[in-house]
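Here is what each chain is made of, one letter per residue.
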Amino acid sequence: MIRYIYANDLKHEPQLRDSMFRDRADQFKARLGWEVNVDADGYERDEYDALNPLYVIWQKPCGSHGGSMRLLPTTGRTMVNDHFKDITGGVHIESPLIWECTRFCLSRDAAPGAAAALMLAGGEVMNGFGLRHYVGVFDARMVRIYRMIGAEPDVLGTTGKGRDAISVGLWEFTPESQAKVAERAGLSPSVSRDWFEAAFGAATPQAQHRAA
């Protein structure tokens, strides 16, 4: 199932928290060889995890992490504005209608539909919070994944070539893309919506990000 949890509330979900940060270390450090920091507990965390982001998490039946992504409003600090303006031609991306999506991670034993379920959940956040787009940085390996699940971004810029290519993209969530992603995830849109409403209620305001 999908869980929506702000960073400040992760302390109430220790198994989910610990397995998420350890899966991030496994994916980004061990498997992909990124230059990320892994602490003594085996967690991969960075400065943006301290800004009370909203985590969208695929929770396995055992209660541990199966996949996740991290969302932050672009009205505050974001990775794309702090570190990747060279890719966007110096453009500062900031709008209450655009949030940043980073740290898209899947555990080694993630269910086949987990990636699509996360993207479907991202659409729920977009609809529920009155957003128009996500912006995010992604590497070449993600192009195939996004295409496979029917969630390809509009590419704003790219640096590098081949496997070393890094891009900044902009995503929207149309009814057509929702149907395609839901089919890929093996979920009905009503189930996806129920998970969102379990976290935020049926009448979610077009919200401001909760203060840290």
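Look up a bit, the structure's there.
Predicted model, so just to flag it, every value in this text is computed and none were measured.

Trainee: I'm lost on the overall build of the chain in this one. Help?
Mentor: Each helix and strand in the chain was counted, giving six helices and seven strands. Reading the chain from its N terminus to its C terminus gives the helix and strand order β-α-β-β-α-β-α-β-α-β-β-α-α. At 16 Å, the chain has a C-alpha radius of gyration in line with the 17 Å of a compact globule built from 212 residues. Over its C-alpha atoms, taken along the principal directions, the chain stretches across nearly 40 × 40 × 35 Å. A buried classification covers 51% of the 212 residues belonging to the chain. Taking as baseline every contact in the chain between residues at least 6 positions apart, the subset at least 24 positions apart corresponds to 70%. Summing over all exposed atoms, the chain offers an accessible surface of approximately 10,300 Å²; the carbon and sulfur share of this is 51%. Distance between charge centres in the chain, computed from 24 positive and 27 negative side chains, equals 3 Å.

Trainee: Even after reading the chapter, I still don't get the environment of N37, so can you show me in this structure?
Mentor: Inspection of the secondary structure assignment puts N37 in the loop between α1 (14-31) and β2 (54-59). Taking the C-alpha atoms as reference points, N37 and A25, separated by 12 residues in sequence, lie 8.2 Å from one another. Excluding anything up to four places from it in sequence, N37 contacts Y43, E44 and R45.

Trainee: I would appreciate a short explanation of the environment of A182 in the present structure.
Mentor: Checked against the element boundaries, A182 lands in helix α5 (residues 175-185). Once the C-alpha coordinates of A182 and Y43 are considered, the two residues, 139 residues apart in sequence, prove to be 31 Å apart. Ignoring sequence-local partners within four residues, the contact set of A182 consists of L120, L187 and P189.

Trainee: Sorry if this is basic, but what is going on with the packing of aromatic side chains here?
Mentor: Working definition: an aromatic ring pair is given by the centre-to-centre distance plus the angle between the planes. Inspection of the entire model under this criterion finds 14 aromatic pairs. For the pair Y4 and F196, a centre-to-centre distance of 5.3 Å together with 90 degrees between the ring planes defines the contact as edge-to-face. With Y4 in strand β1 (residues 2-6) and F196 in helix α6 (residues 189-200), the pair connects residues that are 192 residues apart, well separated along the chain. Taken individually, Y4 and F196 each receive the classification buried, so the pair is uniform in this respect. Ring centres of W58 and W195 lie 6.0 Å apart, and the angle between their planes is 70 degrees; this geometry places the pair in the edge-to-face category. With W58 in strand β2 and W195 in helix α6, the pair connects residues that are 137 residues apart, well separated along the chain. Each member of the pair W58 and W195 is classed as buried.

Trainee: Honestly, the pairing of strand β4 (residues 98-106) in this entry has me stumped. Any pointers?
Mentor: Each regular strand shows side chains that alternate between the opposite faces of the sheet. Burial of β4 is extensive: eight of the nine residues sit out of reach of the surface. Of the strand pairs in this sheet, β4 and strand β5 (residues 133-139) are connected by three bridges, and their pairing is parallel. The residue bridging W99 from the neighbouring strand is Y134, located in β5. Between β4 and its parallel partner β5, the chain crosses via helix α3 (residues 114-128), and the hand of that crossover is right-handed.

Trainee: Is there a simple way to think about the pattern of salt bridges in this case?
Mentor: Two side chains bearing opposite charge may form a pair once their charged atoms approach each other closely. A complete count under the given rule lists 18 salt bridges for this structure. For R3, the salt bridge is made with E13, and the minimal N-O distance between the two is 2.7 Å. Of the two residues, R3 is situated in strand β1 and E13 in the loop between β1 and α1; the sequence distance between them amounts to 10 residues. With a relative accessible area of 23%, E13 lands in the partly exposed category. One salt bridge in this structure joins R141 and D139, with 3.1 Å as the shortest N-O distance. Classification of R141 by relative accessible area gives partly exposed; the value is 30%. Given a relative accessible area of 10%, D139 falls into the buried group. One continuous salt-bridge network, built from bridges that share partners, spans R24, E44, D46, D49, R70 and R103.

Trainee: Explanation requested: the packing of α3 against α5 in the structure shown.
Mentor: Each pair of packed helices can be described by the angle between their axes along with the distance between the axes. Axis separation between α3 and α5 bottoms out at 8 Å; the angle between their running directions is 145 degrees. Crossing geometry of α3 relative to α5 is assigned as left-handed. In contact with A116, A117, M119, L120 and E124 of α3, α5 contributes Q178, V181, A182, R184 and A185. In the contact of α3 with α5, the residues fall into seven nonpolar, one polar and two charged.

The rules we used
Residues numbered from 1 in each chain as written. Predicted model: local features only at pLDDT ≥ 70, side-chain atom pairs only at ≥ 80, totals over all residues. Heavy atoms only, no water. Helix = DSSP H or I, 4+ residues; strand = E, 2+ residues; numbered from the N terminus. Rg over C-alpha atoms; globule rule 2.2 N^0.38 Å. Buried < 20%, exposed > 50% of the residue type's maximum accessible area, 1.4 Å probe, protein only. Contact = heavy atoms within 4.5 Å. Areas by Shrake-Rupley, 256 points an atom, 1.4 Å probe, with all protein chains shown as cover. Lys, Arg positive; Asp, Glu negative; His and termini not counted. Charge placed at Lys NZ, Arg CZ, Asp CG, Glu CD. Phe/Tyr/Trp six-rings, centres within 6.5 Å; stacked < 30°, edge-to-face > 60°. Pairing = 2+ DSSP bridges. Right-handed = clockwise from strand over helix to strand, strands pointing away. Salt bridge = Lys/Arg side-chain N within 4 Å of Asp/Glu carboxyl O. Axes fitted to C-alpha atoms, helices over the stretch in contact; angles between N-to-C directions. Left-handed = near helix turned anticlockwise from the far one by under 90°. Nonpolar A, V, L, I, M, F, W, Y, C, P; charged D, E, K, R; others polar.

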